[in-house]
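The primary structure of each chain is shown beneath.
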Amino acid sequence: MIRIDNVSHQIAGQEILRQVDLDIPQGGLTALVGPNGAGKSTLLSLVARLLSLQLGRIEINGQDLQQISHGDQAQLLAILPQVLTSTHRISVEDLVGFGRYPYSRGRLGPQDRKVIAQVLESFELQEVKHRFLDTLSGGQRQRAYTAMAWAQDTEYLLLDEPLNNLDIAASRSLMSRLKSLAAQQSRTIVIVLHDINYAAGYADHIVAMKAGRVVASGPPQEVVNESFLKAVFDTDAKVITAEDRPLVIV
Amino acid sequence: MLRLRFLWLILALVVVSVLFLTLGAKGSWGFTLWFRGQKLASLLLIGGAVSTATILFQTITHNRILTPSIMGFDALFLLILTLMIFGMGAGGYAQVPKVTLFLINLVLLTLASVALFTLLLKDQSSDLMRMVLTGIILGVLFRSLGLLIQRLIDPSEFAVLQSASFARFNKVDADLLLASAILVGLTWGAVWRMRHRLDVLALGEVLPVSLGADPRRGQLLVLMLISVLVSVSTALVGPVAFLGLLVSSLTYRLIPSWHHGHILPAAILIGGITLVGGQLLLERILHFETPLAVVVECLGGLVFLILILRKGST
Amino acid sequence: MPRLWLLICLCLILLLSVLSIFVGVIDLSPAALLRDPEALQLLAVSRLPRTAAAVLTGCSMAVSGQIMQILVRNKFVEPISAGTGQAAALGILLSVLLFPAAGLAVKMSLAAVTALLGTLGFLALVQRLPPTEPLLVPLVGLVYGGILGAVMVFIAYQADLIQYIDVWMLGEFSGVMRGRYELLWLAGVAAFVSYLIADQFAILGLGRDMSLSLGLNHRQVMALGLLCVSVVSALTVVTVGMLPFIGLVIPNLVSRRLGDNLRVTLPITALLGGVFVLGCDILARVVRYPYEVPVGTIFGVLGTLAFLWLIYARPRNA
């Protein structure tokens, strides 16, 4: 479990996070939702130690985040940023291989190769494994990077708005793949999502933030309703239930 | 395919080196070989050092148009040297052994450049052009400041410091050659050891954190290594503005790999070939008076413009 | 506000001119002027010409910098550090090579021609740059100037003229005396002519389409502007050497405070340029008295610092 305890954060004099108290449950998919500027990406960056913690405490599996070494952290937690620029001509297979760096330090052993092969299969990338990243479609590229993060074999995987540039087919495919893999391999995935319907449709747990605070936390069926949408997103949208899940009429 | 290219590179280097040593030699072989051998060694050293520094710099800035010298690194070295003379007085300066001076200067440059670049690189994501422009302006500032202080020290004695605006590959300071070779060798060793980490650092700002490669510490370490390499080459021959860019652009074309274990050795070879071959061509074959550095500056500047224009139009 | 600036600049120029007359290696005091005929000689041959040269250079370079900024549609350029200066120097070198016996006029003409070609080259380059990256233009200018400089050094080496070019590379006023600087008055004239057609330049700055729709003969004004920039640069480089950054810093300073109405601001730009150059020249004579520091180095330091400030400080009300 990731425990966030009384975390506040300021950027350039602006308060981005205000005394955030949050427990992210172990296992399954947790979606982090909220309007623009709510502080979702900042929170994720703090957990991944991309930003230095100013106030508060973050614990992963009971351990204080500050006390974990960078190397150990890389085996425990992986993050994929919003913008993924590929300046190199790297093949898909090589990229996934980078995910093994915390273990192999660049020298891939038989165990590493096994994991790479498995991950390529799980993410259906065998056909394109020799192709360079810049020759792939946006969806394939996102899949490749996600596969790389998956090959890192971490208990926790953080994704910052991975669906931003994906079409409906790629989005659905990525979300369902993440959900099933998370369940199969008992991993915890935290995703920042813009579209509330993807969150409601796939997440096991939803955390809603607004103006730097956590305003709701729980399974989608409990959290997503009309008053929730009004309070968090300031919009009057109808919510119905479809296939046991809440569905927002956009 | 890569292996073949490496073989060609090694062959080319051997050929130009042998020609450099033997072509147009007059007088006793013993003397010629010793004299030219020193020159050859220094050219190879500088060529390798500058190209390594450039590749490293491009890796941590995630950009293939930048070089340490475009950011004023070598001008900073000369400025520090000038300030040291200013501080010690021309007389005191002459008393300290050259190698000691060089090492002090090296340490100061490392500190200054790490500070400078941490400042500049922090702003990296916002505006690359502004960073490069700042670097060029800083280069002019340091150069002017150096000249100004020279004149202030003692207007009639500024021969103490020969800061040519162009490097002199022909006149290498032999005293420093041994110390330089050791330093560069150690640096190359350190760089080789971290070659896998460099691959990860090249992936961006976030992914190296995720993969546990600690980019902040990594960048710092690399900057220090770059400082050593640039200091050595500037101390030996003066400012080498666009050589690194020329070599790195060639390297990326010839060796289409992302692995630093391939790119770095190739760059060192190409750097050596460029300098030795260039000097050979200019001095022995064409018998031009112009120093090699001028030609390199011209060509490298053209390469820079082409890269910028191409990048600008995307 | 602009009137105030104008007044202040005029006063400063007068003050500094008086100061400049009495500052130098050889002692010259007001009393000596009345007594000593040699002192009058010094005044006429060296001090007055030097003062005039500094003021003229400052005025004309500031104005030509402003014009270049309009031609290139970018606020961060000026002729000396965007290739025009080096192209002019290249012209001088070629004239020494091809017509070694010729006088100053030939040198200047060839320098003006090469300066013109160099500026045209720069303009052609700038055309190909994306308009969304304004800082790309000065960057390209600096590198372009560096390449031209390298070509010049190459030719100088081959022709064994390398000692010569040091004279132009670093500008200074110490060699100015009566009989050797008069060409600069031409630069002053060029600057004055630019003032007369300041409105047309202002419209040119609005772009080609706007110019055409407002009935301006776009081509003609651009050609005039190019001519002015090239001639002033050539004159300055021939007479005193390369003095970078004046044409960049002064127009920007004035524009930030007083806006872009050229008819109002151009005189102030010119006068402020004169103040700046004269002030720095006095500084150059004084800072390591009795030796002189080349003014070009002082510009190199102050100009780059000002340039950095310009690209990092956000203009007011932006």
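Preceding block: the structure.
Residues numbered from 1 in each chain as written. Chains lettered and ligands numbered in written order. Predicted model: local features only at pLDDT ≥ 70, side-chain atom pairs only at ≥ 80, totals over all residues. Heavy atoms only, no water.

*Asks:* I keep staring at the sheet that holds strand β8 (residues 188-192) of chain A and nothing clicks. Help me out?
*Replies:* Strand pairing in a sheet relies on backbone hydrogen bonds. The paired strands run either parallel or antiparallel. Residue and element names in this part refer to chain A. Spatial strand order, β6-β7-β8-β3-β9-β10: six strands in an open sheet with mixed pairing. This sheet does not close on itself; its edge strands, each paired only once, are β6 (77-80) and β10 (213-218). Neighbour-to-neighbour, the strand axes of the sheet open up by a mean angle of 15 degrees, direction not taken into account. Here strand β3 (residues 28-33) runs beside β8; their pairing, made up of five bridges, is parallel. Residue Ala31 lies in a different strand from β8, and its bridge partner there is Ile191. Contacting β3, β9 (205-210) and β10, helix α10 (residues 226-233) crosses the sheet at an angle of about 35 degrees to β9. (Pairing = 2+ DSSP bridges. Helix = DSSP H or I, 4+ residues; strand = E, 2+ residues; numbered from the N terminus. Axes fitted to C-alpha atoms, helices over the stretch in contact; angles between N-to-C directions. Contact = heavy atoms within 4.5 Å.)

*Asks:* Even after reading the chapter, I still don't get the pattern of salt bridges, so can you show me in this structure?
*Replies:* Close approach of charged atoms allows side chains of opposite charge to pair. A full pass over the atoms with the stated rule returns 17 salt bridges over all chains. A salt bridge links B:Glu283 to B:Arg284, with the nearest nitrogen and oxygen atoms 3.6 Å apart. Assessed through its relative accessible area of 13%, B:Arg284 is described here as buried. Bridged by salt links that share partners, the residues A:Arg100, A:Asp112, A:Asp153 and A:Arg187 form one connected network. (Salt bridge = Lys/Arg side-chain N within 4 Å of Asp/Glu carboxyl O. Buried < 20%, exposed > 50% of the residue type's maximum accessible area, 1.4 Å probe, protein only.)

*Asks:* In this structure, what is going on with the packing of helix α1 (residues 2-22) of chain C against helix α3 (residues 37-72) of chain C? I would like to understand it.
*Replies:* Packed helices, taken two at a time, are described by their axes: the angle between them and the distance between them. Residue and element names in this part refer to chain C. α3 packs onto α1 with a crossing angle of 145 degrees between their chain directions and a minimal axis gap of 9 Å. Considering the relative orientation of α1 and α3, their crossing is right-handed. Here Ile13, Ser17, Ser20, Ile21 and Phe22 of α1 lie close against α3, whose contacting residues are Leu43, Arg47, Leu48, Thr51 and Val55. For the contact of α1 with α3, the per-class residue count stands at six nonpolar, three polar and one charged. (Left-handed = near helix turned anticlockwise from the far one by under 90°. Nonpolar A, V, L, I, M, F, W, Y, C, P; charged D, E, K, R; others polar.)

*Asks:* Even after reading the chapter, I still don't get helix α12 (residues 246-258) of chain C, so can you show me in this structure?
*Replies:* Side chains of residues three or four places apart in an α-helix project in the same direction, reflecting 3.6 residues per turn. Residues and elements named next belong to chain C. Helix length check: α12, at 13 residues, gives a terminal C-alpha distance of 18 Å against a target of 18 Å (1.5 Å per residue), a fit within 8%. Burial analysis of α12 places ten of its 13 residues in the buried class, the great majority of the element. Along α12, the residues that are buried comprise Ile246, Gly247, Leu248, Val249, Ile250, Pro251, Asn252, Val254, Ser255 and Leu258. The elements touched by buried residues of α12 are α1, α3, α13 (262-286) and α14 (295-312). Backbone geometry just after α12 places Gly259 at a positive phi near 90 degrees. (Expected span 1.5 Å × (residues − 1).)

*Asks:* Whenever I open this one, the packing of aromatic side chains confuses me. Can you help?
*Replies:* Two aromatic rings are characterised by how far apart their centres lie and by the angle between their planes. Going through the model one piece at a time under the given rule, you end up with twelve aromatic pairs over all chains. Measuring from ring centre to ring centre gives 4.9 Å for A:Phe98 and B:Trp258, while their planes differ by 50 degrees; the resulting arrangement is tilted. With A:Phe98 in helix α3 (residues 92-98) and B:Trp258 in the loop between α10 (243-254) and α11 (260-285), this residue pair bridges two chains. The residues A:Phe98 and B:Trp258 share a single accessibility class, namely buried. Note on C:Phe122 and C:Tyr144: the rings are 6.0 Å apart at their centroids and 20 degrees apart in plane angle, and the pair reads as stacked. You can see C:Phe122 sitting in helix α5 (residues 104-127) and its partner C:Tyr144 sitting in helix α6 (residues 136-158), a full 22 residues away along the chain. Taken individually, C:Phe122 and C:Tyr144 each receive the classification buried, so the pair is uniform in this respect. Ring pairs connect the aromatic residues C:Phe76, C:Phe245 and C:Phe307, which therefore count as one cluster. The ring of A:Trp150 carries A:Arg187 above its face, with NZ or CZ at 4.1 Å from the centroid. Geometry around C:Tyr195 places C:Arg263 over its ring, the cationic atom sitting 5.6 Å from the centre. (Phe/Tyr/Trp six-rings, centres within 6.5 Å; stacked < 30°, edge-to-face > 60°. Lys NZ or Arg CZ within 6 Å of the ring centre and 35° of its normal.)

*Asks:* Hey, could you run me through the interface of chain C and chain B in this one?
*Replies:* Accessible area lost when the parts come together is the quantity often used to give the size of an interface. Contacts between chain C and chain B engage 38 residues on the former and 40 residues on the latter. Summed over both sides, the interface of chain C with chain B buries roughly 3600 Å², with 79% coming from carbon and sulfur. At the junction of chain C with chain B, the criterion picks out zero salt bridges. Here chain C and chain B share one residue pair in polar contact (both at pLDDT 80 or more) between them. Secondary structure elements with two or more residues in the side of chain C that touches chain B: α6 and α14 of chain C. Considering every element that reaches the side of chain C that touches chain B, the biggest residue donor is α6(C), with 15 residues. (Buried area = accessible area lost by both parts, 1.4 Å probe. Polar contact = N/O pair within 3.5 Å; in protein donor to acceptor, adjacent residues only side chain to side chain.)

*Asks:* Help me out: how do you make sense of the pairing of β6(A) in this one?
*Replies:* In summary, the side chains of a regular strand alternate between the two faces of the sheet. Residue and element names in this part refer to chain A. Residues Leu77 and Ile79 point to one face of β6 and Ala78 and Leu80 to the other, with burial holding for every one of them. Pairing between β6 and strand β7 (residues 156-160): four bridges, direction parallel. For Leu77, the partnering residue across the bridge sits in β7 and is Tyr156.

*Asks:* Help me understand the interface of chain A and chain B in this model?
*Replies:* Taken together, the 28 residues of chain A in the interface contact 18 residues of chain B. At the surface where chain A touches chain B, the tally comes to zero salt bridges. At the boundary of chain A and chain B, one finds four residue pairs in polar contact (both at pLDDT 80 or more). Of all the secondary structure elements, the ones that give two or more residues to the side of chain A that touches chain B are α2 (70-76), β6, α3, α4 (101-104) and α6 (138-151) of chain A. The greatest single-element share of the side of chain A that touches chain B, amounting to four residues, is contributed by β6(A). A breakdown of the residues in the side of chain A that touches chain B according to their chemical character gives 15 nonpolar, eight polar and five charged.

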